[in-house]
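Next come the chains, spelled out residue by residue.
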Amino acid sequence: QVQLVESGGGLVQAGGSLRLSCAASGSIVSISTMGWYRQAPGKQRDLVAAITSGGITNYTDSVKGRFTISRDNAKNTVYLQMNSLKPEDTAVYYCSARLKKSWITRFDNYWGQGTQVTVSS
């Protein structure tokens, strides 16, 4: 079994900061890309930021300069530091990890349960 457990969501005023964490655990031999997605009510789930095992990052345009993704490979954990938050950042944030459960299986995508981020104006 593989689990991705997120933490760090909550309610914050516009201009404030939050830090999300997501730890992957279970039968894991390798993790390639880890990322954060978000889904606002009535909208599709979109990529916010992603990071490869080598540390290469990718951000959606709306969060560039405000959000920073990082990871601790030894802990199978990915973080999202969110600064200068705006009301439009309000959404459920989901962690994802592309990982292998054994050396003979392929990489598959796994998801966390989601954590609510609410930014008040």
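About the thresholds
Residues numbered from 1 in each chain as written. Predicted model: local features only at pLDDT ≥ 70, side-chain atom pairs only at ≥ 80, totals over all residues. Heavy atoms only, no water. Helix = DSSP H or I, 4+ residues; strand = E, 2+ residues; numbered from the N terminus. Rg over C-alpha atoms; globule rule 2.2 N^0.38 Å. Buried < 20%, exposed > 50% of the residue type's maximum accessible area, 1.4 Å probe, protein only. Contact = heavy atoms within 4.5 Å. Areas by Shrake-Rupley, 256 points an atom, 1.4 Å probe, with all protein chains shown as cover. Lys, Arg positive; Asp, Glu negative; His and termini not counted. Charge placed at Lys NZ, Arg CZ, Asp CG, Glu CD. Polar contact = N/O pair within 3.5 Å; in protein donor to acceptor, adjacent residues only side chain to side chain. Phe/Tyr/Trp six-rings, centres within 6.5 Å; stacked < 30°, edge-to-face > 60°. Lys NZ or Arg CZ within 6 Å of the ring centre and 35° of its normal. Salt bridge = Lys/Arg side-chain N within 4 Å of Asp/Glu carboxyl O. Pairing = 2+ DSSP bridges.

Chemist: Sorry if this is basic, but what is going on with the overall build of the protein here?
Modeler: A count of helices and strands for the protein gives 0 helices and 11 strands. Element order for the protein, N to C, with α for helix and β for strand: β-β-β-β-β-β-β-β-β-β-β. A globule of 121 residues ought to have a C-alpha radius of gyration of about 14 Å, and the protein, at 14 Å, matches this closely. Of all 121 residues assigned to the protein, the portion counted as buried reaches 39%. If you take every contact in the protein between residues at least 6 apart in sequence, the share linking residues at least 24 apart comes to 56%. Carbon and sulfur atoms form 48% of the exposed surface of the protein, whose accessible area is close to 6,500 Å². Of the side-chain charges in the protein, 13 are positive and 7 negative, and the distance between the mean point of each set is 5 Å.

Chemist: Sorry, what's going on with the side chain of Thr115 here?
Modeler: Its location among the elements puts Thr115 in strand 11 (residues 115-120). Given the relative accessible area of 12%, Thr115 is considered buried. A polar contact is formed between the side chain of Thr115 and the backbone nitrogen of Gly9, at a distance of 3.4 Å. Excluding residues within four positions of it along the chain, Thr115 makes contact with Glu6, Gly9, Leu20, Ala91, Val92 and Tyr93.

Chemist: Please explain the packing of aromatic side chains as it appears in this structure.
Modeler: A ring pair, where both rings are aromatic, is described by two values, the distance of the centres and the angle of the planes. Inspection of the entire model under this criterion finds 1 aromatic pair. Directly above the ring of Tyr79 sits Arg19, whose terminal nitrogen or CZ lies 4.1 Å from the centroid. Over the ring of Tyr94 we find Arg45; its NZ or CZ atom is 3.6 Å from the centre of that ring.

Chemist: In this structure, what is going on with the pattern of salt bridges? I would like to understand it.
Modeler: One side chain can pair with another of opposite charge once the charged atoms of both are near each other. Tallied over the full model, the rule gives 4 salt bridges. Note that Arg66 and Asp89 form a salt bridge whose closest N and O atoms lie 2.8 Å from each other. Taken together, the residues span a long stretch of sequence, with Arg66 in the loop between strand 6 (57-59) and strand 7 (67-72) and Asp89 in the loop between strand 8 (77-82) and strand 9 (91-100) at a distance of 23 residues. Judged by its relative accessible area of 1%, Asp89 falls in the buried class. The salt bridge involving Arg106 is made with Asp108; its shortest N-O contact spans 3.0 Å. Judged by relative accessible area, Arg106 falls into the exposed class, the value being 63%. Overlapping salt bridges, with partners in common, bring together Arg38, Arg66 and Asp89 in one network.

Chemist: I tried to follow the pairing of strand 3 (residues 18-26) on my own but got confused; where do I start?
Modeler: Two faces belong to every sheet, and in a regular strand the side chains alternate between them. In the sheet, strand 1 (residues 2-7) pairs with strand 3 via 6 bridges, with the strands oriented antiparallel. Bridge pairing links Val2 to Gly26 in strand 3. The pairing of strand 3 with strand 8 spans 6 bridges and is antiparallel. Paired with Leu20 across the strands is Leu80, a residue of strand 8.

Chemist: Teacher, can you tell me more about the environment of Gly10 here?
Modeler: Counting through the fold element by element, Gly10 comes out in strand 2 (residues 10-13). What makes Gly10 partly exposed here is its relative accessible area of 24%. In sequence terms Gly10 and Leu20 are 10 residues apart; their C-alpha atoms lie 9.6 Å from each other. Once you skip the residues sitting within four places of it in the chain, Gly10 turns out to touch Leu18, Gln116, Val117 and Thr118.

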